[in-house]
Amino acid sequence: MYLSQIDTVDKIDKKEFLEKYFKPKKPVLIRGLAKTWNAYEKWNLNYIAQQAGDQIVDLYDNKPADPNKATNEPVAKMKMREYIDLIKREPSDLRIFFFIITDKIPELLKNFSYPDLGFKYFKRIPTLFFGGSEARVLMHYDIDLADLLHFQFEGRKRVLLFPNDQGVYLYKVPLSVHTVYNLNYETPDMGQFPALKFARGYEIFMEPGDALFMPSGYWHFNRYLEPGFSISLRSFPSAPGRLIRMLKEVFVMRYTDKILRKIFKKKWVNYKQRRAFEKSNETLKNH
Ligand SMILES: O=C(O)CCC(=O)C(=O)O
Ligand SMILES: [Fe+2]
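Residues numbered from 1 in each chain as written. Chains lettered and ligands numbered in written order. Predicted model: local features only at pLDDT ≥ 70, side-chain atom pairs only at ≥ 80, totals over all residues. Heavy atoms only, no water.

Participant: Explain helix α1 (residues 14-22) to me, please; I cannot follow it from the model alone.
Facilitator: Each α-helix turn comprises 3.6 residues. Residues three or four places apart therefore point the same way. Buried within α1 are the following residues: Phe17, Leu18, Tyr21 and Phe22. The arc that holds the buried residues of α1, viewed along the axis, is 115°, so those residues lie on one side. (Buried < 20%, exposed > 50% of the residue type's maximum accessible area, 1.4 Å probe, protein only. Helix = DSSP H or I, 4+ residues; strand = E, 2+ residues; numbered from the N terminus. Arc of directions from axis to C-beta.)

Participant: What's the story with the environment of Glu134 in this structure? I'm lost.
Facilitator: With respect to the helices and strands, the residue Glu134 is situated in the loop between β7 (122-131) and β8 (136-140). Through-space distance from the C-alpha of Glu134 to that of Ala276 is 27 Å; in sequence the pair is 142 residues apart.

Participant: What exactly am I supposed to notice about the site of ligand 1 here?
Facilitator: The full set of residues close to ligand 1 is Phe129, Val137, His140, Asp142, Leu148, His150, Lys157, His220, Asn222, Tyr224 and Ser232. At 3.2 Å from an oxygen atom of ligand 1 is found a side-chain nitrogen or oxygen belonging to His140. Within the side chain of Asp142, an N or O atom sits 2.7 Å from an oxygen atom of ligand 1. Computed on the free molecule, ligand 1 has an accessible area of 290 Å², of which 97% lies beneath the protein chains in the complex. Broken down by secondary-structure element, the contributors of at least two residues to the shell around ligand 1 are β8, β9 (147-154) and β13 (219-224). No other element matches the 3 residues that β13 contributes to the shell around ligand 1. Residues that form the shell around ligand 1 fall into these classes: 4 nonpolar, 5 polar and 2 charged. (Near = heavy atom within 4 Å. Polar contact = N/O pair within 3.5 Å; in protein donor to acceptor, adjacent residues only side chain to side chain. Areas by Shrake-Rupley, 256 points an atom, 1.4 Å probe, with all protein chains shown as cover. Nonpolar A, V, L, I, M, F, W, Y, C, P; charged D, E, K, R; others polar.)

Participant: Which parts of the structure should I look at to understand the environment of Asp58?
Facilitator: Here Asp58 shows up in strand β4 (residues 56-59). Residue Asp58 is classed as partly exposed on the basis of its relative accessible area of 31%. Sequence spacing of Asp58 and Asn72 is 14 residues, and the spatial spacing of their C-alpha atoms is 11 Å. In contact with Asp58, other than residues within four places in its own chain, are Pro74, Ala76, Lys77, Arg95 and Ile96. A polar atom in the side chain of Asp58 sits 2.9 Å from the side chain of Lys77. (Contact = heavy atoms within 4.5 Å.)

Participant: Just checking my understanding: could you explain the nonpolar core for this structure?
Facilitator: In a soluble, globular protein the nonpolar side chains are often hidden away together inside. Within the largest apolar cluster, 46 residues are counted, with the highest numbers of intra-cluster contacts made by Phe17, Met80, Tyr83, Leu128, Phe130, Phe151 and Ile231. Not counting residues up to four positions away in its chain, the partners in contact with Phe151 are Leu33, Ala34, Trp37, Pro115, Asp210, Ala211, Phe229, Ser230, Ile231 and Leu233. In this structure, Leu145, Leu160, Tyr185 and Leu196 belong to the second largest nonpolar core, which totals 25 residues. (Core = buried A, V, L, I, M, F, W, Y, C linked by side-chain atoms within 4.5 Å.)

Participant: Please clarify how the sheet that holds strand β10 (residues 157-162) should be interpreted in this entry.
Facilitator: Within a beta sheet, neighbouring strands are joined by backbone hydrogen bonds and run either parallel or antiparallel to one another. Overall, mixed pairing links the 5 strands, which are arranged β1-β11-β10-β13-β8 in an open sheet. Edge strands, defined here as strands with exactly one partner in the open sheet, are β1 (2-4) and β8. Strand after strand, the sheet turns through a mean of 20° between neighbouring axes, direction not considered. Where β10 and strand β11 (residues 200-206) come together, 5 bridges link them in antiparallel fashion. Looking at β11, one finds that Arg158 is bridged to Phe205. (Pairing = 2+ DSSP bridges. Axes fitted to C-alpha atoms, helices over the stretch in contact; angles between N-to-C directions.)

Participant: Explain the pattern of salt bridges here, please?
Facilitator: Opposite charge on two side chains makes pairing possible when the charged atoms of those side chains draw close. Taken as a whole and judged by the stated rule, the model has 20 salt bridges. A salt bridge links Arg223 to Glu134; the shortest N-O distance between them is 3.7 Å. Of the two residues, Arg223 sits in strand β13 while Glu134 sits in the loop between β7 and β8, which places them 89 residues apart along the sequence. Residue classification places Arg223 among the buried residues on the basis of a relative accessible area of 11%. Beyond isolated ion pairs, a larger network of salt bridges with shared partners links Glu134, Arg136, Glu186 and Arg223. (Salt bridge = Lys/Arg side-chain N within 4 Å of Asp/Glu carboxyl O.)

Participant: When you look at the coordination of the iron ion (ligand 2) in this model, what are you seeing that I'm missing?
Facilitator: Each angle at a metal carrying four tetrahedral donors should ideally be 109.5 degrees, and each at a metal carrying six octahedral donors should ideally be 90 or 180 degrees. On the protein side, the iron ion (ligand 2) has His140 (NE2), Asp142 (OD) and His220 (NE2) as donor atoms, found 2.1 to 2.2 Å from it. Mapped onto the sequence, the donors of the iron ion (ligand 2) take the spacing H-x1-D-x77-H. Taken together, the residues His140 in strand β8 and His220 in strand β13 connect sequence positions 80 residues apart. The same class applies to His140 as to His220, namely buried. (Donors = N, O, S within 2.8 Å, 3.2 Å for Na, K, Ca; no water.)

Participant: Honestly, the layout of surface pockets in this entry has me stumped. Any pointers?
Facilitator: Empty space among the atoms can be located by rolling a probe the size of a water molecule over them. There is about 200 Å³ of room inside the second largest pocket. Contributing to the lining of the second largest pocket are 15 residues, with Lys11, Ile12, Leu33, Thr36 and Leu117 lying nearest its centre. Residues that form the lining of the second largest pocket fall into these classes: 6 nonpolar, 3 polar and 6 charged. (1 Å grid on protein atoms, 1.4 Å probe; cavity = no way out; pocket = protein on both sides within 12 Å on 5 of 7 lines; lining within 4 Å. Points joined across faces, edges and corners; volume = space filled by probe spheres on them.)

Such coordinate-based values are descriptive only and should not be taken to indicate function.
Right under this line is the structure:
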């Protein structure tokens, strides 16, 4: 993997952001952007435990989804307060994802402002993500193809980021937004995954308060280094081409995959994995 440094700024105005990053779909790390919010000091795990402590949350771990199951079942459920106590107390790989605050902690909506960077936000789904100090998010890109502003709070996080066209070097699985499930991006086995050598992306270490602009379709692998949480603010495609691709991905791809999984079960899952290897290894011939 060729991992480069991402552009990093402490401050940016909307003109520069649009021209240099948003329009060309180039990622950028904006240091401390959340610190400009007037209630930034509230963005910590204790406050979340206070506001949503009694809510029952679905928890996921680092293990890849069970290929025999059609949906991704949580590995545990517990009260938010117990979950937060747990990740603060001991190493844990348990994660919460896509916790929509508009439904679940509307109070939190008062505690941030959408930074004016010249683009339009989809304000209905500001979502939180939580993880313990051992948590990893498998390499994927977001199926809705949103442009994201991802803010980190409390612990630090390591992110690997790749443009969508690098999927072929990352062992992308056909009809899915994931890469093969046995590829661990923390300690990749280059003997087993030789095409990875050619993947070009970025390595980012996020600190509390930092915001990462993750353009539409970018692959990401997130590794929590300490217990922490983050919020993603989304913006949806406005260009017709991108909108069509998004609808295609969400409906056609998901649906086809679901049907094939229903009919062929494990056979389909294994076939997809094998195709991913074949396709990625074919690229070696051109290098
Ligand atoms: O860092 C996380 O827990 C996941 C974030 C993510 O995948 C996203 O915002 O799209
Ligand atoms: Fe994501």
